[in-house]
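What follows is each chain in one-letter form.
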Amino acid sequence: MTDTTALPDGYELSTDPDRIDAERVHRWLSTDAYWATGRPREKQDRAIEGSLNFGVYDTASGEQVAYARVVTDRATFAWLCDVYVDRSVRGKGVGTALAVAVREELRPYGLRRMLLATHDAHGVYERAGFAPLENPDQWMALLFGQ
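The shown structure was predicted, so the numbers you read here are calculated from the model rather than taken from an experiment.

Caption draft 1: Just the pairing of strand β4 (residues 77-85), in detail. Among the 9 residues in β4, 7 count as buried, and that is most of the element. Where β4 meets strand β5 (residues 113-115), 3 bridges bridge the pair, whose relative direction is parallel. Following the sheet pairing, Ala78 is matched in β5 by Met114. Taking the sense of rotation as the criterion, the β-α-β connection linking β4, helix α3 (residues 94-106) and β5 turns out right-handed.

Have a look at this one:
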């Protein structure tokens, strides 16, 4: 498990919702994220408004290069979702550092668990301390569709 939240040199993390580039986040997710392809901008804006948001920014340009949001009651549960790292900075450790930063930001709340779902980034999240569900047969989902 990674014990540091340090981003690679040249990047900074912020939870300031005013720094989120909503247009960029929508473009990333609606065109390049298998779980959100085609998501309407209005729906993405509502998701941002109702969540705790994390942005990673290039310190030289101020440009947002990664995003994650967390749906949480800040007491017992959190769901990490919509994690996206711009293709131009992938492979630099930004994704793992972002997941660790989310973990550390939520640690003081004393949550019982934080969940996420991923199709192809298990290694990124394992380095931040995530593991497969011990009893996946205990979990259920209600799908409303798109």
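Caption draft 2: Representation of the environment of Arg90 within the structure. Looking at the element boundaries, Arg90 is found in the loop between β4 and α3. Apart from residues no more than four positions distant in its own chain, Arg90 is found in contact with Asp32, Tyr84 and Val85.

Caption draft 3: Layout of the packing of helix α1 (residues 22-32) against helix α2 (residues 41-49). Close contact between α1 and α2 brings their axes to 10 Å; oriented N to C, the two are set at 115 degrees. The two elements α1 and α2 cross, and the hand of that crossing is right-handed. Residues Ala22, Glu23, Val25, His26 and Leu29 of α1 lie in contact with α2, whose contacting residues are Arg41, Gln44, Asp45 and Ile48. Its residues assigned to classes, the contact of α1 with α2 shows 4 nonpolar, 2 polar and 3 charged.

Caption draft 4: Fine view of the side chain of Asp82. Turning to its location among the elements, Asp82 is positioned in strand β4. Residue class for Asp82 comes out buried when judged on its relative accessible area of 4%. For Asp82, the side chain forms a polar contact with the side chain of Arg39, separated by 2.7 Å.

Caption draft 5: Structural detail: unusual backbone geometry. You will see that Arg74, though not glycine, has its phi angle at about 60 degrees, which is positive. With respect to the element layout, Arg74 can be found in the loop between β3 (64-72) and β4. At Asp82, a position not held by glycine, the phi torsion is positive, near 50 degrees.

Caption draft 6: Geometry of the sheet that holds β3. One open sheet holds the 5 strands; their spatial order is β1-β2-β3-β4-β5, and the pairing between them is mixed. At either margin of the open sheet sits one strand with a lone partner, and together these are β1 (11-14) and β5. Strand after strand, the sheet turns through a mean of 20 degrees between neighbouring axes, direction not considered. Packed onto the sheet, α1 meets β3 and β4 and runs at close to 80 degrees relative to β3.

Scoring rules and cut-offs
- Residues numbered from 1 in each chain as written.
- Predicted model: local features only at pLDDT ≥ 70, side-chain atom pairs only at ≥ 80, totals over all residues.
- Heavy atoms only, no water.
- Buried < 20%, exposed > 50% of the residue type's maximum accessible area, 1.4 Å probe, protein only.
- Helix = DSSP H or I, 4+ residues; strand = E, 2+ residues; numbered from the N terminus.
- Pairing = 2+ DSSP bridges.
- Right-handed = clockwise from strand over helix to strand, strands pointing away.
- Contact = heavy atoms within 4.5 Å.
- Axes fitted to C-alpha atoms, helices over the stretch in contact; angles between N-to-C directions.
- Left-handed = near helix turned anticlockwise from the far one by under 90°.
- Nonpolar A, V, L, I, M, F, W, Y, C, P; charged D, E, K, R; others polar.
- Polar contact = N/O pair within 3.5 Å; in protein donor to acceptor, adjacent residues only side chain to side chain.

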